[in-house]
Amino acid sequence: MPEQPSHVHGTPARVFADRHIGPNPAETEEMLKTVGHSSTTELMAAAVPESILTGPGRQAPLDLPEPAGEAEALTELRGLAARNQVTTSLIGRGYYGTHVPPVILRNILENPAWYTAYTPYQPEISQGRLEALLNFQTAVSDLTGLPVTGASLLDESTAAAEAMTLARRATKVKSDVFVVDSDVFPQTLQVLRTRAEPLGIEVVVADLSKGLPDGEAFGVLVQYPTSSGEVRDPSEIIAAAHERGALAVVAADILALTLLRSPGDLGADIAVGSTQRFGVPLGFGGPHAGYMSVGEKLRRQLPGRLVGVSVDNTGRPAYRLALQTREQHIRREKATSNICTAQVLLAVMAGMYAVHHGPEGLRAIARQVHTHTVALADALTDRGFEVVHEAFFDTLRVRVPSSAQILDAALERGYNLLAADDRTVGISIDETTTAADLEQVVAAFGEADRAAAKAAPTVDGNADRVPGALARGVDYLTHPVFNTHRSETALLRYMRRLADRDLALDRTMIPLGSCTMKLNSTTEMEPITWPEFGSLHPFAPLDQAGGSVQIVRDLEDWLAEVTGYDAVSLQPNAGSQGELAGLLAIRGYHRSRNQAHRDVCLIPSSAHGTNAASAVMAGMRVSVVACDDGGNVDLDDLAAKTAKHADDLAAIMVTYPSTHGVFEGTITEVCRMVHEAGGQVYIDGANFNALLGWAKPGEFGADVSHLNLHKTFCIPHGGGGPGVGPVAVRSHLAGFLPNHPGQPDAGPHTGVGPVSGAPFGSAGILPISWAYVRMMGEEGLRSATEVAVLSANYLAKRLEPYFPVLYTGADGLVAHECIIDLRPLQKATGISNEDVSKRLMDYGFHAPTMSFPVNGTLMVEPTESEDLAELERFVQAMIEIRHEIDKVASGEWEREDNPLVNAPHTAEMLTAESWEHGYSRAEAAYPLPSLRQDKYWPPVGRIDQAYGDRNLVCSCPPPEAFEI
Ligand SMILES: *Cc1c(COP(=O)(O)O)cnc(C)c1O
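Residues numbered from 1 in each chain as written. Predicted model: local features only at pLDDT ≥ 70, side-chain atom pairs only at ≥ 80, totals over all residues. Heavy atoms only, no water.

Attention shifts here to the overall build of the protein. When helices and strands are counted, the protein shows 31 helices and 26 strands. On C-alpha atoms alone, the protein measures out to a radius of gyration of 28 Å, which is about the 30 Å that the 2.2 N^0.38 rule sets for 964 residues. Along the three orthogonal principal directions, the C-alpha set of the protein runs to about 90 × 70 × 70 Å. Here the protein holds 964 residues, and 64% of them are scored as buried. When contacts within the protein are restricted to residue pairs at least 6 apart in sequence, those whose partners lie at least 24 apart make up 76%. In the protein, which carries 77 positive and 118 negative side-chain charges, the distance between the mean positions of the two groups comes to 4 Å. (Helix = DSSP H or I, 4+ residues; strand = E, 2+ residues; numbered from the N terminus. Rg over C-alpha atoms; globule rule 2.2 N^0.38 Å. Buried < 20%, exposed > 50% of the residue type's maximum accessible area, 1.4 Å probe, protein only. Contact = heavy atoms within 4.5 Å. Lys, Arg positive; Asp, Glu negative; His and termini not counted. Charge placed at Lys NZ, Arg CZ, Asp CG, Glu CD.)

Right, dumping it as structure tokens:
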């Protein structure tokens, strides 16, 4: 048999790159003909400005290992996994063992229908994950006793930081003081400090068991139960805070809340925490869903995404994202936070865990955890040890002669305990702890008092060390969804029913500009649920994490190599957090040179909303730079702004290639102008998929970038998270990267502090990007870039006769995405970009990015992973839609009644007794013949966005709401 041609020169056919890249070489040829170039290299040389290439017309060399095949990469990953030591971690501090219900593991975490979905901006095709998120919000709100819960935050520590800034916005108190109890998780305290410093917030740490210290404060935070495990009634502190006009934040353990009175009940204004122990693997620190719940009064202040209930055009309840006007993509520097990508997949898992167990199940798990903890406490007391707290839930502090000795003895038996200090050991019990585990732990302690009685730990099902005044009844999860799917069959079908309502990458291309919805290959995904990677505690001794640390180090090296930077931190757990980390590095750099007054951040008007929001969080003032008619940074305006801010310029944040999908020829000029004015250059690397292997921002003039591993490097979007947003810097900024108090190896000792709760951020999903780079190698990665740019240009050329392409660069070429302009058609016919987006659902497509970065447009990014047939399926749909718009223009269809304004069409609408439209049912449902064979049916009609914001409902509506 003849060898198949391959994208990757000199390697056998069927290498991974050929699986990852959609168009085969013959299709590539055909696409090149349409675009009018002879080869992908020639196309790139024409599109990419000479000034950013490594040499005249030269690609960027990538010093990476020779690519591995899929089997080989998995073997290597097995080897790395084997270098992790799987022990039982009873370390606690916000991270606990949990049984991931296998039915959820396989059917959600390992199921592309869930993990390849996008953020539910197009709600009609996202009803499944929106319902799952509403379950999450409802479960958390029930347990926290606060009615408004967002659809996840990035982790507990950043949620606490978001609560701090929320409290500051929401109080009238003129103080800059935020009081934090001394008994909170250390990583939370440190993240609070990192985030407080640039904002001029003073974090005051105090032992709140002795009451609130004197003085003004805008907010107070307590941990419940405390970090050391004590169950302490926070209501007095909350009342004292309220007396002074401060808001009270309670960081609460979600499982403990099934037994303890809720923060809302105790008077708290805000509750934050992690839902990791609701069935999400530890993963060496993440990803997990953080949560925040607030009272009604604060709902417009909530950071991050909120799912709400609205109605569709037939009046039926339908879900969608609520109160979006709070968010960065609309409010920019005035947003309630910079959060964009959150932790949706993990929130879906945690919500399903609550659906799976129901209120009694969760309570039984919590009771077992508690009675095991009591048994352990009693056994240790019996042996003459002092257990520090009388009231506890799952965590003990035990006084010992030497912590190190006990930790060693425990490790010999396969357990990690916590050395709270030299003479205090911490133990946290979880759902997975068995009676045999308790015996082993007790044995590790030996005996302090030889004369004492020494029974084996005995579990008493009625034992209780929760103060009576704090005990709670089962007043949660009363909604039927938490009480009906008790059999696995029922749950399996529920999850399948939800998944079927959504359009994810497993059914169609998702041509979302700026989001890079490319293949998330199965080989890349497989390792993340291996126990060696999944069950590592983030604060386990590093010598137990040899494989995971190697993955971190390899990725740091590879990402530095491909970006041209000198140092990389993988700690930020989303692009937005990478931005913050990068800006904090710039801030640290200026301060180290006695230039602390440099605090102005220039941001082009076309920038992603996170940029402006992150700049504000880094203590900077935003100054907007105009774009010219070609969509490029306006150099005259830039000159004016750099002159105006010559003394206080901190940085510019530009996206490259630009958010307009163009390789701006002037980028090196922009870098030079900003440097001359004393500023640093931040290149937002979200669009790195257009550059990889061709140009390196660290070499063409930038000082710092973040990357989105959930875009360019194949981590799936998970329906809106998880993500990883590494920050990469040149050497002069390296000393200002994030570090971590619990892990000296996680960053430079001179660093700016942690930006995530876990030392290596969302380390659990790094094997995905590791595998991608490992299997693609230099040529594969470069080919992917070339084909991504080719595909975008192919679409631009194919669509141009029907829809004008708004911006192009050199030679009329675009980068890896293109903006098509619907405004002229809208003016002529009233048909908007939204109508086109909704109509695409009838054709079985997820819409492109709508109205970003330009209102009234659609931004299309096909990525390298879509083959020619799929690109053409999209082109045919768009051409047919153009014909439909023409029928509106000609008057054949009425402006108020046509398949575009009425889209999407549900099966119910189409099978109704009466049909009173000026177009046929077949024209509505099957505008292209191929749809008769393969049809996605949107589950709801067009959703009324405004109705949902006027009538905010953000927990599960009662079943009667759905009655017809
Ligand atoms: C996606 C994106 C971001 C934000 O990244 P998140 O991971 O969603 O926080 C920032 N800038 C640009 C240009 C992006 O496309």
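Next up on the list: the packing of helix α7 (residues 127–144) against helix α12 (residues 344–382). Describing two packed helices takes the angle between their axes plus the distance from one axis to the other. Two numbers describe how α7 lies on α12: the axes approach to 8 Å, and their chain directions differ by 65 degrees. With respect to their mutual orientation, α7 and α12 come out roughly perpendicular. Of the two elements, α7 crosses α12, and the hand of that crossing is left-handed. On the side of α7, the interface is formed by Ala-132, Leu-133, Asn-135, Phe-136 and Ala-139, while α12 contributes Val-344, Ala-347, Val-348, Ala-350, Gly-351, Met-352, Ala-354 and Val-355. (Axes fitted to C-alpha atoms, helices over the stretch in contact; angles between N-to-C directions. Parallel < 35°, antiparallel > 145°, perpendicular 65-115°, else oblique. Left-handed = near helix turned anticlockwise from the far one by under 90°.)

Before going further, it helps to examine the sheet that holds strand β25 (residues 857–860). Sheet architecture is open: 3 strands sit in the order β23-β25-β24, paired in antiparallel fashion. On the outer flanks of this sheet lie β23 (818–821) and β24 (849–850), each paired with one strand and no other. The pairing of β23 with β25 spans 4 bridges and is classified as antiparallel. Its bridge partner lying in β25, Ile-820 is registered against Leu-858. (Pairing = 2+ DSSP bridges.)

Near the ligand there are 15 residues, and of these Thr-341, Ser-514, Asp-684, His-710 and Lys-711 occur at the shortest range. Within the backbone of Ser-576, an N or O atom sits 2.8 Å from an oxygen atom of the ligand. Asn-708 places a side-chain nitrogen or oxygen 3.0 Å from an oxygen atom of the ligand. When isolated, the ligand has an accessible area of 380 Å², and the protein chains bury 98% of it. A molecule is said to occupy a pocket when more than half its atoms come within 2 Å of that pocket's grid points, and by this definition the ligand occupies the largest pocket. Here the shell around the ligand takes 3 residues from helix α20 (residues 575–592), the largest share from any one element. Of the residues that constitute the shell around the ligand, the class distribution is 3 nonpolar, 9 polar and 3 charged. (Near = heavy atom within 4 Å. Polar contact = N/O pair within 3.5 Å; in protein donor to acceptor, adjacent residues only side chain to side chain. Areas by Shrake-Rupley, 256 points an atom, 1.4 Å probe, with all protein chains shown as cover. 1 Å grid on protein atoms, 1.4 Å probe; cavity = no way out; pocket = protein on both sides within 12 Å on 5 of 7 lines; lining within 4 Å. Sits in = over half its atoms within 2 Å of the grid points. Nonpolar A, V, L, I, M, F, W, Y, C, P; charged D, E, K, R; others polar.)

This paragraph deals with the UniProt feature "domain: Glycine cleavage system P-protein N-terminal" (unreviewed entry) in the protein. Those places that UniProt annotates as "domain: Glycine cleavage system P-protein N-terminal" (unreviewed entry) correspond, in this numbering, to residues 18–445 and 481–738. Within the segment residues 18–445, helix and strand shares are 38% and 15% respectively, and the terminal C-alpha atoms sit 56 Å apart. Helix and strand shares over residues 481–738 are 37% and 13% respectively, and the end C-alpha atoms of the span are 41 Å apart. (UniProt positions renumbered as here; feature names shortened; annotations may be inferred.)

Taking the UniProt record as the reference, the feature "modified residue: N6-(pyridoxal phosphate)lysine" (unreviewed entry) is found at Lys-711. Position of Lys-711 relative to the elements: it lies in the loop between β21 (704–707) and β22 (727–729). Relative accessible area serves as the criterion here: at 10%, Lys-711 is assigned to the buried category. Those residues in contact with Lys-711 that lie beyond four places of it in its chain are Ser-514, Cys-515, Thr-516, Lys-518, Ala-686 and His-717. For Lys-711, the side chain forms a polar contact with the main-chain oxygen of Ser-514, separated by 3.1 Å.

Next up on the list: the layout of surface pockets. Estimates place the volume of the largest pocket at around 1100 Å³. If you go around the largest pocket, you meet 50 residues; those closest to its centre are Tyr-121, Gln-324, His-329, Met-850 and Phe-852. Mapped onto the lining of the largest pocket, the elements with two or more residues apiece are β10 (317–321), α11 (328–331), α20, α21 (609–617), α27 (833–842), β24 and α31 (945–950). Residues belonging to the lining of the largest pocket are distributed by class as follows: 17 nonpolar, 24 polar and 9 charged. (Points joined across faces, edges and corners; volume = space filled by probe spheres on them.)

Assignment of secondary structure puts Ser-274 in strand β7 (residues 270–274). Under the relative-accessibility criterion, Ser-274 is labelled buried at 12%. Looking at Ser-274, its side chain comes within polar contact range of the main-chain nitrogen of Gln-276, at 3.0 Å. With sequence-adjacent residues up to four places away left out, Ser-274 is seen in contact with Gly-94, Glu-156, Ile-254, His-288, Ala-289, Gly-290 and Tyr-291.

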